[in-house]
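Chains, contacts and geometry: an overview
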Amino acid sequence: MTYSSSSVRRIALTPGEPGGIGPDLSLQLAQEALPCEVVTIASPHLLQQRAEQLGLSVQIKAFDASLPASPQTAGTMTVLPIELLEPVISGQLNVANSRYVLKSLTKAVKGCLDGLFDGMVTGPVHKGVINDAGFAFSGHTEFIAEMTGGHPVMMLATPGLRVALVTTHLPLSDVSGAITHARLRAVINTLDRDLRIRFGIEKPAILVCGLNPHAGEGGHLGREEIEIIEPVLESFRKQGVNLIGPLPADTLFTPKYLESADAVLAMYHDQGLPVLKYKGFGQAVNITLGLPIVRTSVDHGTALDLAGTGRASISSLQYALQTALTMTSSTN
């Protein structure tokens, strides 16, 4: 994996669910020499225990915020300690450690807001066990947005394709009603702005999916394109935003269109993400746009069955870090 950054950045890494593969991936990343400083916010005891289980050699050193950021040396791990509430068994969930997960996220977000970290990368969490612990938690994105006051837009990316979403985790029956003029305007504004500011794309070309089959086929298969989507797109075009569509989703994801596009805007979760994950699962990144901080995440779950086995792939975490560095370099 090739990383690039114009200066030494300091990135917070939260491994996520302690019983899952997050600690494994963090330890694998520590084996690499990196041009940035990765500060892992986790339990040193957990990391040492998992390193022994995986047969990895790692030197854990405590994070010192008074020192300037320095590139990571292979085999070393800078850790901001968070203590577990109960011991961890690889591959097993423990409700008691949900507070530990949320505390690590909180420290990373506050560190980004305070300028201590240039961005944050998150490992996979288990939403169910956090909710079982009595915390109202619908995901990283919502948790971070509440802390930062941002208006998040979810975008996944893999080499050669970026897909942003107008709606995210909604039942299909609720999608049409959720696509309003206001929501679509807000999402397009964030997507266009962050592609320019965070990714350094001067005038992004954005392909926009229609909601209905054949993009509504002139109103015969639905009127959302006519009444909502097209009027919003036209208003942005008058401002100079490069929007193409609405296009039928079944033909949009072809080389004819994608070769000249910087991003695709899909109307709902399973319209755009199956294509992206087919193209690049395991080497994709989840990016939260619309926040005052840089946040990226892996594209997979906790994979409890792989925890502690040494078989977990680090590709998505590497790409998430690479993307965070690109975003911080463009911003700065």
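Residues numbered from 1 in each chain as written. Predicted model: local features only at pLDDT ≥ 70, side-chain atom pairs only at ≥ 80, totals over all residues. Heavy atoms only, no water.

Okay, the overall build of the protein next. The helix and strand tally for the protein stands at 12 helices and 12 strands. By the compact-globule yardstick of 20 Å for 332 residues, the protein fits well, its C-alpha radius of gyration being 20 Å. Along the three orthogonal principal directions, the C-alpha set of the protein runs to about 60 × 40 × 35 Å. Residue pairs at least 24 apart in sequence account for 76% of intrachain contacts in the protein once pairs closer than 6 positions are excluded. Of the accessible surface of the protein, which amounts to about 14,000 Å², a share of 51% is contributed by carbon and sulfur atoms. (Helix = DSSP H or I, 4+ residues; strand = E, 2+ residues; numbered from the N terminus. Rg over C-alpha atoms; globule rule 2.2 N^0.38 Å. Contact = heavy atoms within 4.5 Å. Areas by Shrake-Rupley, 256 points an atom, 1.4 Å probe, with all protein chains shown as cover.)

Right, let's get into the pattern of salt bridges. Following the criterion strictly, the structure yields 7 salt bridges and no others. With a closest N to O distance of 3.2 Å, Arg-196 and Asp-192 form a salt bridge. Of this pair, Arg-196 and Asp-192 both sit in helix α7 (residues 181–197), separated by 4 residues, roughly a single helical turn. Residue Arg-196 is classed as partly exposed on the basis of its relative accessible area of 36%. (Salt bridge = Lys/Arg side-chain N within 4 Å of Asp/Glu carboxyl O. Buried < 20%, exposed > 50% of the residue type's maximum accessible area, 1.4 Å probe, protein only.)

A word on the nonpolar core. Among the nonpolar cores identified, the biggest contains 51 residues, and Leu-265 and Leu-321 are the most heavily contacted of them. No other element matches the 7 residues that helix α12 (residues 315–331) contributes to this core. (Core = buried A, V, L, I, M, F, W, Y, C linked by side-chain atoms within 4.5 Å.)

The description of two aromatic rings rests on the distance between their centres and on the angle between their planes. One pass over the full model with this rule turns up 1 aromatic pair. Considering the side-chain rings of Phe-63 and Phe-117, the 6.0 Å spacing of their centres and the 35° angle between planes classify their relative orientation as tilted. Residue Phe-63 is found in the loop between β3 (59–62) and β4 (76–81), and its partner Phe-117 is found in the loop between α3 (98–113) and β5 (119–122); the two are separated by 54 residues along the sequence. Neither residue differs from the other here; Phe-63 and Phe-117 are each classed as buried. Arg-162 extends its terminal NZ or CZ atom over the ring of Phe-199, reaching a point 5.0 Å from the ring centre. (Phe/Tyr/Trp six-rings, centres within 6.5 Å; stacked < 30°, edge-to-face > 60°. Lys NZ or Arg CZ within 6 Å of the ring centre and 35° of its normal.)

Looking now at the layout of surface pockets. Take a probe with the size of a water molecule and roll it over the atoms, and the empty space left behind shows itself. Reported here for the largest pocket is a volume of approximately 670 Å³. Along its surface, the largest pocket is lined by 33 residues, and Lys-127, Thr-141, Met-154, His-169 and Asn-286 are the ones closest to its centre. Counting only elements with at least two residues in the lining of the largest pocket, the list comes to α5 (140–148), β6 (153–158), α7, α11 (269–280) and β12 (295–298). Partitioning the lining of the largest pocket into residue classes produces 12 nonpolar, 15 polar and 6 charged. (1 Å grid on protein atoms, 1.4 Å probe; cavity = no way out; pocket = protein on both sides within 12 Å on 5 of 7 lines; lining within 4 Å. Points joined across faces, edges and corners; volume = space filled by probe spheres on them. Nonpolar A, V, L, I, M, F, W, Y, C, P; charged D, E, K, R; others polar.)

Moving on, we get to the packing of helix α1 (residues 22–29) against helix α2 (residues 44–54). Viewed as axis vectors pointing N to C, α1 and α2 meet at an angle of 80°, and their least axial separation amounts to 10 Å. If you check the angle between α1 and α2, you find them roughly perpendicular. Residues Pro-23, Asp-24 and Leu-27 of α1 lie in contact with α2, whose contacting residues are Leu-46, Leu-47, Arg-50, Ala-51 and Leu-54. Looking at the contact of α1 with α2, its residues break down into 6 nonpolar, no polar and 2 charged. (Axes fitted to C-alpha atoms, helices over the stretch in contact; angles between N-to-C directions. Parallel < 35°, antiparallel > 145°, perpendicular 65-115°, else oblique.)

Further remarks concern empty space enclosed by the protein. Within the structure shown, the criterion is met by 2 cavities of 30 Å³ or more. Quantified by volume, the largest cavity comes out at close to 50 Å³. Forming the walls of the largest cavity are Glu-37, Val-38, Lys-61, Ser-70, Pro-71, Gln-72, Thr-73, Thr-76, Met-77 and Thr-78. Mapped onto the lining of the largest cavity, the elements with two or more residues apiece are β2 (37–42) and β4. Considering every element that reaches the lining of the largest cavity, the biggest residue donor is β4, with 3 residues. Broken down by class, the residue content of the lining of the largest cavity amounts to 3 nonpolar, 5 polar and 2 charged. Taken as a whole, the second largest cavity encloses approximately 30 Å³ of empty space. As for the second largest cavity, its lining consists of Leu-13, Pro-15, Gly-22, Leu-25, Ser-26, Gly-123, Pro-124, Val-298 and Leu-317. Looking at which element gives the most residues to the lining of the second largest cavity, the answer is α1, with 3 residues. Counted by class, the lining of the second largest cavity contains 6 nonpolar, 3 polar and no charged residues.

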